[in-house]
Amino acid sequence: MINRLHTLIYPAIALLIGCSQEPEKIIMTVSGPVPASELGTTLIHEHVLVDFIGADSTGYHRWDKEEVVKKVVPFLAEIQEFQVSTLVECTPAYLGRDPWILKALSEQTGMHLVTNTGYYGAHNNRFIPAQFHQMSAETVSQLWVEEFENGIDGSGIRPGFIKIAVDNSDTLSAAHRKIITAAALTQQKTGMVIASHTGPDAPAFEQISVLQSHNIDPSCFIWVHAQLGTLEGNIKAARLGSWVSLDNVNMKREPGSAYDVEWYAERIAALKEAGFLHRVLISHDAGWYKPEEELGGDFRGFTGIFTALIPALKSLEFSKEELDQLLVKNPREAFSLRKTAGS
Ligand SMILES: [Zn+2]
């Protein structure tokens, strides 16, 4: 196939950076491609809006775009105070993904926002459309590649990564094997990284082996919610080259309770000790506007990493360079579009 990545994006970037040499790595934001070096401090897994009503009932009619933007802008302004310049929005289609809202937020704040393509299979397929079950992995992948090439739902806004989800059981169901296979096919055609809501070790390694059977390097896989995996599992995945994403840093958890900030600091320190800080990603998995609640209900902001986790890491003698690795360098590398076959 004609490689659209090469024909459309790289020349645009070469123009942007004013040279015709080997192009710099790029990130696909809701406002188009940007050089990866522009990303800056990045939160890699947060949410603007989530609608849990289910794939059969959700849709853009469920919320007022302007009202959502008005509610969320102050929470973005808050993290701009901590020099955050990029937010990766992880809400998939059929769960409240709205590219127009993300574009408006980007325009109002000047931040880079990144959206996704893919299906969220966890929770027994409640958030994937019924027709999925009749489709082959190839057909599903075509829909996702189409979003990358032409934009989401007629918006012209393109996804920057593939977001999928599988159930946290020991073996992948046939449906979830189809989802990771569709993600593999999409990755090969677009160069986008695959972020998969996964949880424990077993489904993480099963997905990595599906990718490897398609000759996809494990570095194209982000193990989302890897905090639910074992330290040994995290290290094994990192050794393969996969990204270990420790999500859900949550200030509402009491110190001393499971997965408090101290726990995250210690898990990150253990991964550093093992030599894999360069494979670790962190996020709050926070937000979000809830369409069924008055004015979107309670919104959990995106600041705990800066107010609590970073101080905890500093007390474990993390250097500024190591903190930059977590919040600047690793996100930049994880979300850069890979070159695809033929490009
Ligand atoms: Zn999430």
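Conventions and cut-offs
- Residues numbered from 1 in each chain as written.
- Predicted model: local features only at pLDDT ≥ 70, side-chain atom pairs only at ≥ 80, totals over all residues.
- Heavy atoms only, no water.
- Buried < 20%, exposed > 50% of the residue type's maximum accessible area, 1.4 Å probe, protein only.
- Helix = DSSP H or I, 4+ residues; strand = E, 2+ residues; numbered from the N terminus.
- Right-handed = clockwise from strand over helix to strand, strands pointing away.
- Pairing = 2+ DSSP bridges.
- Core = buried A, V, L, I, M, F, W, Y, C linked by side-chain atoms within 4.5 Å.
- Contact = heavy atoms within 4.5 Å.
- Axes fitted to C-alpha atoms, helices over the stretch in contact; angles between N-to-C directions.
- Disulfide = S-S within 2.5 Å.

Enquirer: Before we move on, can you summarise the pairing of strand S9 (residues 221-224) with the specific residues and values?
Expert: Alternating residues of S9 divide into Phe221 and Trp223 and Ile222 and Val224, and every residue in both groups is buried. Taking the sense of rotation as the criterion, the β-α-β connection linking strand S8 (residues 194-197), helix H6 (residues 201-213) and S9 turns out right-handed. In this structure, S9 lies alongside strand S10 (residues 243-246), joined through 3 bridges in parallel fashion. Across the sheet, Val224 pairs through a bridge with Ser245, a residue of S10.

Enquirer: Got a sec to walk through the nonpolar core? Specific residues and values, please.
Expert: If you look at the biggest cluster of nonpolar residues, it comprises 82 residues, and the most contacted ones within it are Leu105, Trp144, Leu246, Ile268, Ile282, Ile305 and Leu309. Those residues in contact with Leu246 that lie beyond four places of it in its chain are Ala226, Gln227, Asn234, Tyr264, Arg267, Ile268, Leu271, Val280, Leu281, Ile282 and Ser283. Ranked by size, the runner-up nonpolar core spans 17 residues in total, among them Cys90, Val193, Val224 and Leu281.

Enquirer: I'd like to hear about the sheet that holds strand S3 (residues 41-46), residue by residue, with values.
Expert: Reading across the sheet, the 3 strands line up as S3-S4-S5 and stay open at both edges, with parallel pairing between neighbours. The outermost strands of the open sheet, each flanked by one partner alone, are S3 and strand S5 (112-114). Averaged over all pairs of adjacent strands, the angle between their axes in this sheet comes to 20 degrees, without regard to strand direction. The pairing of S3 with strand S4 (residues 84-89) spans 4 bridges and is classified as parallel. Of the residues in S4, the one forming a bridge with Leu43 is Leu87. Packing of helix H10 (residues 320-335) onto the sheet brings it into contact with S3 and S4, and relative to S3 it is tilted by some 60 degrees.

Enquirer: Can you break down the state of the cysteines residue by residue, with the values?
Expert: Note on terminology: disulfide describes a covalent bond linking the sulfur atoms of two cysteines. The tally for this structure, following the rule as stated, stands at 0 disulfides. You can see Cys90 has no disulfide; the closest cysteine sulfur is in Cys220, sitting 17 Å from it. What makes Cys90 buried here is its relative accessible area of 2%.

Enquirer: Tell me about unusual backbone geometry, residues and numbers included.
Expert: It is generally the case that most residues other than glycine have a negative phi and that most peptide bonds are trans. Note that the residue after Gly287, namely Trp288, is joined by a cis bond; omega there is -15 degrees. If you check the backbone angles, Gln83 has positive phi at about 65 degrees while not being a glycine. Here Gln83 is to be found in the loop between helix H2 (65-80) and S4. Phi at Asn215 takes a positive value of approximately 60 degrees, unusual for a residue other than glycine. Summarising the element assignment, Asn215 is placed in the loop between H6 and S9.

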